[in-house]
Protein chains: 2
Amino acid sequence: MIGTITLSDGSGGLQSNKLINEVFFKYFGNDILNQMNDAAQVDIDFARLAFTTDSFVVNPIFFNGGNIGKLAVCGTVNDLAVSGAKPLYITTAFIIEEGFSIKKLEEIVKSMAGVANEAGVKIVAGDTKVVEKGSVDGIFINTSGIGRIYDNVNINCANAQVGDVIIINGTLGDHGMTIMCERNKFIFEGNLKSDCACLNSLVDTMIEAYDGIHVIRDATRGGVAAVLNEISEFSNVTIALEENNLPLKEEVKGVTEMLGLDPLYIANEGKLCAFVPGAYAEKVLSVMRKHPLGTDAVIIGKVTHELGQKVYLNTVVGGKRLVDMPSGIQLPRIC
Amino acid sequence: MIGTITLSDGSGGLQSNKLINEVFFKYFGNDILNQMNDAAQVDIDFARLAFTTDSFVVNPIFFNGGNIGKLAVCGTVNDLAVSGAKPLYITTAFIIEEGFSIKKLEEIVKSMAGVANEAGVKIVAGDTKVVEKGSVDGIFINTSGIGRIYDNVNINCANAQVGDVIIINGTLGDHGMTIMCERNKFIFEGNLKSDCACLNSLVDTMIEAYDGIHVIRDATRGGVAAVLNEISEFSNVTIALEENNLPLKEEVKGVTEMLGLDPLYIANEGKLCAFVPGAYAEKVLSVMRKHPLGTDAVIIGKVTHELGQKVYLNTVVGGKRLVDMPSGIQLPRIC
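Residues numbered from 1 in each chain as written. Chains lettered and ligands numbered in written order. Predicted model: local features only at pLDDT ≥ 70, side-chain atom pairs only at ≥ 80, totals over all residues. Heavy atoms only, no water.

Per an unreviewed UniProt entry, chain A goes by Hydrogenase expression/formation protein HypE and derives from Clostridium tagluense. In its Sequence similarities (unreviewed entry) section, the UniProt entry covering chain A states "Belongs to the HypE family." (UniProt positions renumbered as here; feature names shortened; annotations may be inferred.)

Novice: When you look at the interface of chain A and chain B in this model, what are you seeing that I'm missing?
Specialist: By a frequent convention, interface size equals the accessible area lost on bringing the separate parts together. Each partner contributes residues to the interface: chain A has 79 residues there, and chain B has 79 residues. Summing the contributions of chain A and of chain B, the shared interface buries around 7,000 Å²; its carbon and sulfur component is 69%. The tally of links between chain A and chain B comes to 12 salt bridges. For E106 of chain B, the salt bridge is made with K26 of chain A, and the minimal N-O distance between the two is 2.6 Å. One can count 33 residue pairs in polar contact (both at pLDDT 80 or more) joining chain A with chain B. (Contact = heavy atoms within 4.5 Å. Buried area = accessible area lost by both parts, 1.4 Å probe. Salt bridge = Lys/Arg side-chain N within 4 Å of Asp/Glu carboxyl O. Polar contact = N/O pair within 3.5 Å; in protein donor to acceptor, adjacent residues only side chain to side chain.)

Novice: How do you make sense of the packing of helix α3 (residues 102-119) of chain A against helix α1 (residues 14-28) of chain B when you look at a structure like this?
Specialist: The relative placement of two packed helices is expressed as an angle between their axes plus a distance between the axes. At their nearest, the axes of α3 of chain A and α1 of chain B sit 8 Å apart, and the two run at 30° to each other. When the axes of α3 of chain A and α1 of chain B are compared, the pair comes out roughly parallel. You can see that α3 of chain A and α1 of chain B cross each other, and the crossing is right-handed. For the pair α3 of chain A and α1 of chain B, contact is made by I102, L105, E106, V109, K110, M112 and A113 of chain A and by L19, V23, F24, K26, Y27 and F28 of chain B, respectively. Looking at the contact of α3 of chain A with α1 of chain B, its residues break down into 10 nonpolar, no polar and three charged. (Axes fitted to C-alpha atoms, helices over the stretch in contact; angles between N-to-C directions. Helix = DSSP H or I, 4+ residues; strand = E, 2+ residues; numbered from the N terminus. Parallel < 35°, antiparallel > 145°, perpendicular 65-115°, else oblique. Left-handed = near helix turned anticlockwise from the far one by under 90°. Nonpolar A, V, L, I, M, F, W, Y, C, P; charged D, E, K, R; others polar.)

Novice: What is the right way to read the side chain of S235 of chain B from this model?
Specialist: Residue and element names in this part refer to chain B. Along the chain, the position of S235 falls in helix α6 (residues 223-235). A polar side-chain atom of S235 sits 3.0 Å from the main-chain amide nitrogen of A160. When near neighbours in sequence (up to four residues on either side) are disregarded, S235 contacts C157, A158, N159 and A160.

Novice: Can you walk me through the UniProt feature "domain: PurM-like N-terminal" (unreviewed entry) in chain A in this structure?
Specialist: As annotated by UniProt and renumbered to match this structure, "domain: PurM-like N-terminal" (unreviewed entry) occupies residues 37-149 of chain A. This span, residues 37-149 of chain A, is 28% helix and 47% strand, and a straight line between its end C-alpha atoms measures 13 Å.

Novice: How should I be thinking about the relation of the copies chain A and chain B in this particular structure?
Specialist: Both copies of the chain are tied together by a single rotation about an axis and a shift running along it. In the superposition of chain A on chain B (RMSD 0.0 Å, axial shift 0.0 Å), the rotation amounts to 180°. The superposition operator between the copies reduces to a two-fold rotation axis. Looking at the rotation axis and the C-alpha trace of chain A, the residue lying nearest is V136 of chain A, at 2.1 Å. (Least-squares fit on C-alpha atoms with pLDDT ≥ 70 in both.)

Novice: Where do I start with the sheet that holds strand β1 (residues 40-44) of chain B in this structure?
Specialist: All names here are of chain B. An order of β1-β2-β7-β5-β6 is seen for the five strands of this open sheet, with the pairing classed as mixed. Each edge of the sheet is formed by a strand with only one pairing partner; in this case those strands are β1 and β6 (122-131). Ignoring which end each strand starts from, the neighbouring axes of this sheet average 20° apart. As judged from the 11 bridges shared by strand β5 (residues 85-97) and strand β7 (residues 139-149), these two strands associate in the antiparallel manner. Counterpart to I96 in the pairing with β7 is I139. (Pairing = 2+ DSSP bridges.)

Novice: I tried to follow the packing of helix α5 (residues 200-209) of chain B against helix α8 (residues 278-290) of chain B on my own but got confused; where do I start?
Specialist: All names here are of chain B. In the contact formed by α5 and α8, the axes pass within 9 Å of each other and the chain directions differ by 145°. Of the two elements, α5 crosses α8, and the hand of that crossing is right-handed. Here L202, T205, M206 and A209 of α5 come into contact with α8, specifically with K283, V284, V287 and M288. Residues of the contact of α5 with α8, tallied by class, amount to six nonpolar, one polar and one charged.

Novice: I tried to follow unusual backbone geometry on my own but got confused; where do I start?
Specialist: Following N59 of chain A, the chain continues into P60 of chain A via a peptide bond in cis, with omega recorded as 5°. Take P60 of chain A: it is sitting in the loop between β2 (47-56) and β3 (62-63). Located in the positive-phi region is N236 of chain A, a residue other than glycine, with phi close to 55°. Here the phi dihedral of M36 of chain B falls at roughly 50°; this positive angle occurs in a residue that is not glycine.

Novice: What exactly am I supposed to notice about the packing of aromatic side chains here?
Specialist: For any pair of aromatic rings, geometry is given as the distance between the ring centres together with the angle between the planes. Under the counting rule described, the total for this entry stands at seven aromatic pairs over all chains. Relative to F94 of chain B, the ring of F24 of chain A lies with its centre 4.7 Å away and its plane at 40°, an arrangement referred to as tilted. Here F94 of chain B lies in strand β5 and F24 of chain A lies in helix α1 (residues 14-28), a pairing that spans two chains. By relative accessible area, which is 5% here, F24 of chain A ends up buried. With a centroid separation of 3.8 Å and an interplanar angle of 10°, the aromatic rings of Y210 of chain B and Y280 of chain B are classed as stacked. Of this pair, Y210 of chain B sits in the loop between α5 and β9 (215-218) while Y280 of chain B sits in helix α8, and the two are 70 residues apart along the sequence. (Phe/Tyr/Trp six-rings, centres within 6.5 Å; stacked < 30°, edge-to-face > 60°. Buried < 20%, exposed > 50% of the residue type's maximum accessible area, 1.4 Å probe, protein only.)

Novice: Before we go on, may I ask you to explain the pattern of salt bridges in this structure?
Specialist: Pairs can form between side chains of opposite charge once their charged atoms are near each other. Counted according to the given criterion, the structure contains 34 salt bridges over all chains. Ionic pairing is found between E132 of chain A and R333 of chain B, a salt bridge with its closest N-O pair at 3.2 Å. Residue E132 of chain A is located in the loop between β6 (122-131) and β7 (139-149), and its partner R333 of chain B is located in the segment after β14 (320-322); the two belong to separate chains. According to the relative accessible area criterion, E132 of chain A is partly exposed, its value standing at 21%.

Novice: What is the right way to look at the sheet that holds strand β1 (residues 40-44) of chain A in this model?
Specialist: Pairing between sheet strands relies on hydrogen bonds along the backbone, with the strands arranged either parallel or antiparallel. All names here are of chain A. With mixed pairing, five strands are arranged side by side in an open sheet as β1-β2-β7-β5-β6. Of all the strands in the sheet, the pair left with one neighbour each is β1 and β6. Neighbour-to-neighbour, the strand axes of the sheet open up by a mean angle of 20°, direction not taken into account. Direction of pairing for β2 relative to β7: antiparallel, over a ladder of eight bridges. Note that in β7 the partner of A50 across the bridge is G147.

Here's what the structure looks like:
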C-alpha cells in the first residue's frame, strides 16, 4: 500500500480489510491473529482464553442510550461473549485532551463501573495519558479484556455450515442512526436510541440452550452486512437473507429511507448474529425471546446449498440483491 | 475533584495519583486494581496471569533509538516482565489521523513485529480506528498484554523490606532527554539515544539467579523518583539513595545540568529498579552485568531501618535531600 490513511481505512469494510492484510498482517501475521475472530483464542496452561482489544473514538461522547465509556465496556464484553467466553477481566486506557471536564470524565467512569458490574467483569488495570489541547478530540478510551472460553464450546467465524439458520436478537441500525442524527442535530419524532448493551448474559442463555452454536458475531462497524460477509468468506459459504424478516424500529426505518441508507450497513452495539443448525433454531430462539435483550429475536436468513462466498437478500418484491462488503467512507467515529 | 483535566494529571506524579484515586478508583476500585502494580495479577483456573494496558502518545513518533510502535510493545512487555511474568500475548490498537503516511505506519508496524518477535510475544488481536484530520495528532497506539506469572515468584510493589538493596540496570534519563531534545530541536555533541528496550530476558536472568526478588519496577513516566516513591508508600519503608552511585551518560549529565533538570525525575524506557535482599545482591548483580541490557547495572541505594514512607538522597557533598513524588507538569507525551 502507498499514499495516506483515509477515513474509509477505519470503516470496517473493504478498505479496512486491505489495510489489515497489506500492512498489519504482513508483519504481525500468525496462526492466532489470522483467524480474525472478535477475540483471539489463546491457551495458557489448561485454560482456553479469549483476549481482545478495541479503542473507542465515538462522537458525540454522550448520546441517547449511552456514552463512550459504556460503549467501551460493552464492546469488549461483547467481543469476549461472542467468542463463547465468560468475560472476566477488563483494562481501561484513557487518552484525554487537556481542558476536558472532570465532571464529564466522572460521569463516563461511573457508567463504565456500573455496566462492568452488571456484566460481572472486573476492571483490573488502567492507564491515563493527557495530551495538549488540540492533540485529541476530547477523550478516547481503549478497553481490552480476557475471558475464559466455555468447555465444549467452539464458536468461530469459520464454522458456518449449510443448514444453519441466522438469528439476530433484535432491530438493526439503532446505534448508528442515533449517532448520525445526534451528530448532525437532526430532530425526529419518536425516540431514536442506541442499543449499546452487554450481551454476555444473553449469549450464556443461548449456549445453555444449545452448546453447539457454530458462529456468533456482534454486528458493529459495517453493520450486519460486514459481519455476514466476513463469516461467508471465512466459512466459505453462501448466505441468503430475507428482507421481509429484517427487524427495524419505526424510527430507524423512517430515517434510513429518508436518507437513502441501507440498515444492513448501519452499526449496532447490542446486536449479534448467531449461526445455529436448523434443528436447534427454535430452541435457541425461544430462550432468546425470554431474555430482555432478545425479545425481538428473529431468523433473518440461512446458509444455502449454493457454492461460493456471497451474501444476498431475497427482497420483498421477489428479487435477489447482492449484499456486498461495505466499501468507501461509512460514518466515521461511530464507535 | 472539580474543574478540568490538566497536563500534570497525566504526568505520573502527584496529580496523576489524585486523579486516579478521586475519579478512577472511586468507581472502579477493587482488590486487584487497588494493588496498583504495573500489571494486574489475576487467577484463571490454575494459572496466575499478569494483565496490563498502556496507551502511547509520544511526540515525536520517531526518535533516536525507537519509535512509538517499538515503545508500545516494549512498554507492555516490560510491565508484564517486572510483575514476574513471562509475556505471552499482546494486542495492539491504533488510532490514526486521516492523512497519515502509510509508509510511516508500515515502518512503525514493522518495528513492532520485530521487537515482539525478539521478546518472544505473539500479537494476537488488534483494532484500527481512523479519525478526521485534527482529531488526533498523527497516531496513538494502545498495547495490552497477558503473561504467565512464574511459579514460586512473588514480585509486588508492597514487598520491599528493610535490608533490601536497590539495583538499577543502567543509566538514568536516556529516553526522556532524547525526546525532550528532539522535540525542541536542541543539537548537542555526542549521541543522545532512547534506552527503549524489552526487559523480559533480563528479568528472566535475574529471577533464575534468585527467585525471591521482592520488587521490580520499570522506571518510566516520572522516572526513578516516581517509582521509588510508590514502592516506599506501598511497602511502607524508607529508601536511601546514594548520589555517587547514580549512573548517568555524559550526554544526559550535560543536558540535565544545563537545563537544571534532575535525572531522577526523567523517564526511562529500558530501566528497572529491583529490590533484592542484601545477601543475594551480588549474585543478581553479576548475572545482570553479563546481560546486554545490564552491563551498567549498579546498586543505587537501600531500604533503611528508618520509619516512615520517604525517599531521600545522600548527596555527593555529604548532605541529605528528600526525593519527593514528582509534582506539576512534567514533559508531556514522553511515552
